[in-house]
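The residues making up each chain are set out below.
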Amino acid sequence: MCPDNAQSTTSAYRSSAGQWHFDNSYLGLPGGFYTCLNPVAVREPKLLLFNQSLADQIGLGFLGSGDQALDYFAGNAVPPGTTAFAQAYAGHQFGGFSMLGDGRAVVLGEQITPDGKRVDLQLKGSGPTPYSRRGDGRAALAPMLREYLISEAMHYLGIPTTRSLAVVSTGEPVFRQGTKPGGVLTRVAASHLRVGTFQYAAAKGDVDNLRALLMYAIRRHYPELEGFDNPALALLQKVMDMQATLIVHWMRVGFIHGVMNTDNMTISGETIDYGPCAFMNRYDRETVFSSIDHQGRYAFGNQPGIAQWNLLRLAEALLPLIDDNEDKAIEIVKETVGQYATLYTSRFELMMLNKLGITHKIDESDEQLISDLLDWMTEAEVDYTNTFRELAQAERLLSPVYSSPKFKDWHARWKGRLNRQSEPLSIVRDLMNRTNPAYIPRNHLVEHALAQAEREMDLEPFNELLAVLSNPYEEQAGKAAYTDPGEHDPGYMTFCGT
Ligand code: AMP
Ligand code: MG
């Protein structure tokens, strides 16, 4: 527990139009899991983005009309009734283990939403903390705008994700390969519990603390597991389940996270920490955009395997709670995590079949149908997103690539397969168009929007792009330009210099 925050009783910040409903259940964990501290104020904050519909949903809609919103989202004031804190965690980063923690973020508190959910409100870029190591605790504006845009796009694509409530420019410079304007993002998350939080507790070697964390995670996310004989094993299975579903979603839309370190994998199953992430255009399993991922560890096609690797790290951390006998515990987790491949593959196949308008798998020939298509797509270097939308409408298969014998052969087999399930064409098309987005954040459009915002403080391209991405499965009149893959792939690079 931390002392009550002196500012937390300042009723001046209570708007007449509404009220915060904050709780701080995380502070009920043993002290080593966090450090209480306030964000560090910034010089000249400007509120660039405020997500009114998300604010309404979580019971903070009243902030939209108040002057205090800017102060809260800049970190210049702390909302009433809360104690802010930075979280401790650890993580395997590109395979190497480190003790980490929120080096440039604080959780303001847990807002209880009108429908009774509990969400963390976190400021990212809010100043140094005891976990900053050699970092400055700050964030550049463009990467915060990027997280806002991509996380919201992911939400509208129907993918579990943290969300973005606001972006403030700080009026202060940050130094990242030159001087950049600074920014603060307000992030909304089911929680910030990570695989790395368990690794932190395990590395500290106090089994009671590890157990406290386990029971907290279960209570917060999976109360249905309370009272299970082996809660640690039950949590491991649940996280496996959630992560398998999540990665299948990423593979469905061509999302590449870029930095799937264990500190960037949540217990809730939400996508978190949008750094060097980007969407694949041309289909290629080996696509890597991150400038620091030299080995391609986090390439598009490696994501399912990396998720399993990360789950093994979670399993390792949980070992002392799974069985008193370590050998037995190892046997149990090996068997459990060993089931991930089957779990993932069956969901992946169903998703891919849905992308083709097929409602369920019949036999092995369906696997062949999927892999032959993906092989052809790799060879023909076609756009992942646009190809599936074009497949849904025969009259759109106009490009010369569709006249190749290999594609024609595959296409005939696919048509034959659709006939076997005897669903009307309208149902097939509908399933395809619900599974295959028409619009994803195209890298060149994202870069243009961010450059305009950063250099000119012109948010128009950003807001227009966000508007299109907020309805990604429906074709929007006059928005064909947003389906253009652009020119600068495959040399496109994203940076972690956030
Ligand atoms: P991320 O790549 O955002 O997942 O960050 C990895 C770790 O580095 C986390 O512990 C961050 O808090 C920390 N970190 C990243 N950037 C900074 C920074 N500018 N100052 C302090 N810590 C940072
Ligand atoms: Mg992180």
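The shown structure was predicted, so the numbers you read here are calculated from the model rather than taken from an experiment. (Residues numbered from 1 in each chain as written. Chains lettered and ligands numbered in written order. Predicted model: local features only at pLDDT ≥ 70, side-chain atom pairs only at ≥ 80, totals over all residues. Heavy atoms only, no water.)

Trainee: Can you walk me through the overall build of the protein chain in this structure?
Mentor: Counting secondary structure elements, the protein chain contains 15 helices and 13 strands. By the compact-globule yardstick of 23 Å for 498 residues, the protein chain fits well, its C-alpha radius of gyration being 23 Å. Dimensions of the protein chain, computed from the C-alpha atoms along their principal axes, are close to 70 × 60 × 40 Å. Here the protein chain, with 498 residues, has 57% of them falling under the buried criterion. A separation of at least 24 residues holds for 73% of the contacts in the protein chain among residues at least 6 apart in sequence. For the protein chain, the exposed surface amounts to about 20,100 Å²; the carbon and sulfur share of it is 51%. Distance from the positive charge centre (44 side chains) to the negative charge centre (59 side chains) of the protein chain: 1 Å. (Helix = DSSP H or I, 4+ residues; strand = E, 2+ residues; numbered from the N terminus. Rg over C-alpha atoms; globule rule 2.2 N^0.38 Å. Buried < 20%, exposed > 50% of the residue type's maximum accessible area, 1.4 Å probe, protein only. Contact = heavy atoms within 4.5 Å. Areas by Shrake-Rupley, 256 points an atom, 1.4 Å probe, with all protein chains shown as cover. Lys, Arg positive; Asp, Glu negative; His and termini not counted. Charge placed at Lys NZ, Arg CZ, Asp CG, Glu CD.)

Trainee: Would you take a moment to explain the confidence of the model for the protein chain for this structure?
Mentor: Averaged over all residues, the pLDDT of the protein chain is 94; the fraction at 70 or higher stands at 96%. Across residues 6-16 the pLDDT falls below 50, and counting only partners more than four positions away or on other chains, this stretch makes 17 contacts in the model. (pLDDT = per-residue confidence, 0-100.)

Trainee: Please explain the side chain of Asp383 as it appears in this structure.
Mentor: As for its placement among the helices and strands, Asp383 is situated in the loop between helix H10 (364-380) and helix H11 (384-391). According to the relative accessible area criterion, Asp383 is buried, its value standing at 10%. From its side chain, Asp383 meets the backbone nitrogen of Thr385 in a polar contact 3.3 Å long. Excluding its chain neighbours within four sequence positions, the residues that come into contact with Asp383 are Asn281, Arg282, Met377, Arg442 and Pro485. (Polar contact = N/O pair within 3.5 Å; in protein donor to acceptor, adjacent residues only side chain to side chain.)

Trainee: Sorry, what's going on with the coordination of the magnesium ion (ligand 2) here?
Mentor: Ideal donor angles around a metal are set by the shape: a four-donor tetrahedron calls for 109.5 degrees, a six-donor octahedron for 90 or 180 degrees. Here the magnesium ion (ligand 2) is held by Asn264 (OD1) and Asp273 (OD), and the distances to it run 1.9 to 2.2 Å. Pair check on accessibility: Asn264 and Asp273 agree, each one buried. (Donors = N, O, S within 2.8 Å, 3.2 Å for Na, K, Ca; no water.)

Trainee: Honestly, the state of the cysteines in this entry has me stumped. Any pointers?
Mentor: Counted according to the given criterion, the structure contains 1 disulfide. Residue Cys2 pairs covalently with Cys36 via a disulfide, S to S 1.4 Å. Judged by the sign of its S-S torsion, about 80°, the bond between Cys2 and Cys36 is right-handed. With a gap of 34 residues between them, Cys2 in the segment before strand S1 (22-23) and Cys36 in strand S2 (residues 34-36) connect regions that are remote in the sequence. You can call Cys36 partly exposed: its relative accessible area is 25%. (Disulfide = S-S within 2.5 Å.)

Trainee: Just checking my understanding: could you explain the packing of helix H5 (residues 207-221) against helix H6 (residues 231-253) for this structure?
Mentor: Angle between the axes and distance between the axes are the two parameters that describe a pair of packed helices. Two elements in contact, H5 and H6, have axes whose closest approach is 10 Å; the angle formed by their N-to-C orientations is 50°. By the angle between their directions, the pair H5 and H6 is classed as oblique. Of the two possible hands of crossing, H5 and H6 adopt the one that is left-handed. Contacts between H5 and H6 involve Leu214, Met215, Ala217 and Ile218 from the first element and Pro231, Ala232 and Leu235 from the second. (Axes fitted to C-alpha atoms, helices over the stretch in contact; angles between N-to-C directions. Parallel < 35°, antiparallel > 145°, perpendicular 65-115°, else oblique. Left-handed = near helix turned anticlockwise from the far one by under 90°.)

Trainee: For this particular structure, what's the right way to read the side chain of Asp120?
Mentor: Among the secondary structure elements, Asp120 is positioned in strand S8 (residues 118-124). A relative accessible area of 1% places Asp120 in the buried class. Only 2.8 Å separates the side chain of Asp120 from the side chain of Arg220, close enough to count as a polar contact.

Trainee: Sorry if this is basic, but what is going on with the site of ligand 1 here?
Mentor: Taken together, 17 residues lie near ligand 1, and Gly101, Gly103, Arg104, Asp136 and Gly137 sit nearest. Contacts to ligand 1 include Arg138, whose backbone N or O atom sits 3.2 Å from a nitrogen atom. Of the residues assigned to the shell around ligand 1, the class counts are 2 nonpolar, 7 polar and 8 charged. (Near = heavy atom within 4 Å. Nonpolar A, V, L, I, M, F, W, Y, C, P; charged D, E, K, R; others polar.)

Trainee: It is not clear to me how helix H4 (residues 195-204) should be interpreted in this structure. Could you clarify?
Mentor: At 3.6 residues per turn, the α-helix brings residues three or four places apart onto the same side. Buried residues dominate H4, accounting for 7 of its 10 residues. The inward-facing, buried residues of H4 abut strand S5 (90-93), strand S6 (96-99), H5, H6 and helix H7 (303-322). Just past H4, the residue Gly205 takes up positive phi, approximately 80°.

Trainee: Before we go on, may I ask you to explain the pairing of strand S11 (residues 179-189) in this structure?
Mentor: The two faces of a sheet get side chains in turn, since along a regular strand they alternate between them. Most of S11 is tucked away, with 8 of its 11 residues classed as buried. By the bridge criterion, 2 bridges tie strand S9 (residues 139-140) to S11 in an arrangement that is antiparallel. In the strand pairing of S11, Ala140 is matched with Gly182. In this antiparallel pair of consecutive strands, strand S10 (residues 163-175) and S11, the connection spans 3 residues, and Gln177 shows a positive phi of 45°. (Pairing = 2+ DSSP bridges.)

Trainee: Can you help me understand the environment of Glu454 in this one?
Mentor: Mapped onto the fold, Glu454 is located in helix H14 (residues 443-456). According to the relative accessible area criterion, Glu454 is partly exposed, its value standing at 21%. Spatially, the C-alpha atoms of Glu454 and Leu141 are 7.0 Å apart, while their sequence positions differ by 313 residues. Aside from chain neighbours lying at most four places away, what touches Glu454 is Ala142, Lys180 and Pro181.

Trainee: Honestly, the nonpolar core in this entry has me stumped. Any pointers?
Mentor: Inside soluble globular proteins, nonpolar side chains tend to come together where they are buried. In this structure, Phe198, Leu391 and Phe462 are the most contacted members of the largest nonpolar core, which totals 151 residues. The element best represented in this core is H6, accounting for 14 residues. Formed jointly, this core draws a minimum of three residues from each of two domains, domain 1 (4-189) and domain 2 (358-391 + 393-435). Leave out the neighbours within four places in its chain, and Phe198 touches Leu210, Leu213, Leu214, Ala217, Leu235, Ile267, Leu314, Ala317 and Leu318. (Core = buried A, V, L, I, M, F, W, Y, C linked by side-chain atoms within 4.5 Å. Domains from an automatic or database assignment.)

Trainee: Would you explain the domain arrangement of the protein chain in this entry?
Mentor: Many authors give the size of an interface as the accessible area that is lost as the parts come together. In terms of domain boundaries, the protein chain breaks down into domain 1 (4-189) and domain 2 (358-391 + 393-435). Its C-alpha centre places domain 1 at a distance of 43 Å from the equivalent point of domain 2.

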